[in-house]
Amino acid sequence: MSTLTVPPIALSPRDDALQLHKAFKGFGCDTAAVINILAHRDATQRGVVQQEFKALYHEDMLKRLSKELSGKLEDAVLLWMQDPASRDAVVVRQALSENNLDLRAVTEVICSRTPSQIQTFKLIYLQRFGSYLEHDLERHASGDHKKLLLAYASIQRYEGFEVDPMIVQNDAKELYKAGEKRLGTDENTFIRIFSERSRAHLAAVDSAYKSMYGNSLEKVIKKETSGFFMYGLLTIVRCAESPAKYFAKVLRKSMKGLGTDDTTLIRVIVTRTEIDMQYIKAEYEKKYKKPLVDAVHSETSGNYRKFLLALLGSQH
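Definitions and cut-offs
- Residues numbered from 1 in each chain as written.
- Predicted model: local features only at pLDDT ≥ 70, side-chain atom pairs only at ≥ 80, totals over all residues.
- Heavy atoms only, no water.
- UniProt positions renumbered as here; feature names shortened; annotations may be inferred.
- Phe/Tyr/Trp six-rings, centres within 6.5 Å; stacked < 30°, edge-to-face > 60°.
- Helix = DSSP H or I, 4+ residues; strand = E, 2+ residues; numbered from the N terminus.
- Buried < 20%, exposed > 50% of the residue type's maximum accessible area, 1.4 Å probe, protein only.
- Lys NZ or Arg CZ within 6 Å of the ring centre and 35° of its normal.

Looking at an unreviewed UniProt entry, one finds the chain named Annexin, with Saponaria officinalis as its source organism. Per UniProt, the chain carries the Sequence similarities (unreviewed entry) text "Belongs to the annexin family."

Dropping the structure here:
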């Protein structure tokens, strides 16, 4: 469920383009006007506004926004203006760049998306950057983490809700044999089961494992694996249970302690606003006893804060 608030009356994309051009004109940018328009338009509307702007002024609106805005607000707005699949492609490409390698972000995006979302953003990745996602993963990831990402990004998993109880039991047994039962870990079994099974199936395996062996898969993963490989497996199993809980946790971590991880904060808020942000907000408040909007308000400032709060549907 989206937190985006769009005006109830039908809007004219041409009027939006005119208003934005007006906000860009003269000395300095009327940032409040830019936020007021762009933070209240859905993906389709944003796309049409960009087309109108190009038709009227023969200029790429994203390039103009990049000139007019700066810092964290610029990062957030430019990411927001992309469609969801392009956004994922851009985030992963940036996180795989030599001087800015962020394997945690790469793992989060790949391991939290559905197979159809992955296939779409892989195509855009190739079109925009002239490189196969798998090739870039080969270059930058390593070991079992690399194997997991490559398998998860290429296997077409079932996306429905039906599960086969026999295969569920069997997978739980296999994971027990590959982990807790033996000395050392058979990582390949974990990679195979986690990359081939649907979310509904993995959630059922987790439940079966608990009743058969007394532990959750999350506990087993933490005990048996480490590093980015562990993070990938945890992302997959947590999203199988509840993507909203998973992203509430990621947001909490980005704002905890000294300083804020703005890259993560922007990535999660922007990419989840139109998908499940209402659920993430509910999970955040339930777990951390504080509304998400209050947490974001206290960790950010200025127009950057205004923009994020507008996406979260806050009247702060």
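Enquirer: For this particular structure, what's the right way to read the packing of aromatic side chains?
Expert: Scanning the model with the defined rule gives 9 aromatic pairs in all. Ring centres of tyrosine 176 and tyrosine 213 lie 3.9 Å apart, and the angle between their planes is 5°; on these two criteria the pair is classed as stacked. Of this pair, tyrosine 176 sits in helix α11 (residues 165-178) while tyrosine 213 sits in helix α13 (residues 199-213), and the two are 37 residues apart along the sequence. Here tyrosine 176 falls in the partly exposed class, since its relative accessible area comes to 25%. The exposure class assigned to tyrosine 213 is partly exposed, which follows from its relative accessible area of 27%. Members of the aromatic cluster, joined through ring pairs, are Phe24, Phe53 and Tyr57. We note arginine 46 situated over the ring of tryptophan 80; from NZ or CZ to the ring centre the distance is 3.7 Å. Residue placement shows arginine 104 over the ring face of tyrosine 231; its charged tip is 3.9 Å from the ring centre.

Enquirer: Sorry if this is basic, but what is going on with unusual backbone geometry here?
Expert: Note: most residues except glycine have negative phi, and most peptide bonds are trans. Of note in this structure, histidine 58 is not a glycine but carries a positive phi near 50°. You can see histidine 58 is positioned in the loop between α3 (43-57) and α4 (61-68). Here lysine 289, not a glycine, exhibits a phi torsion of approximately 55°, which is positive. Checked against the element boundaries, lysine 289 lands in the loop between α18 (277-288) and α19 (292-299).

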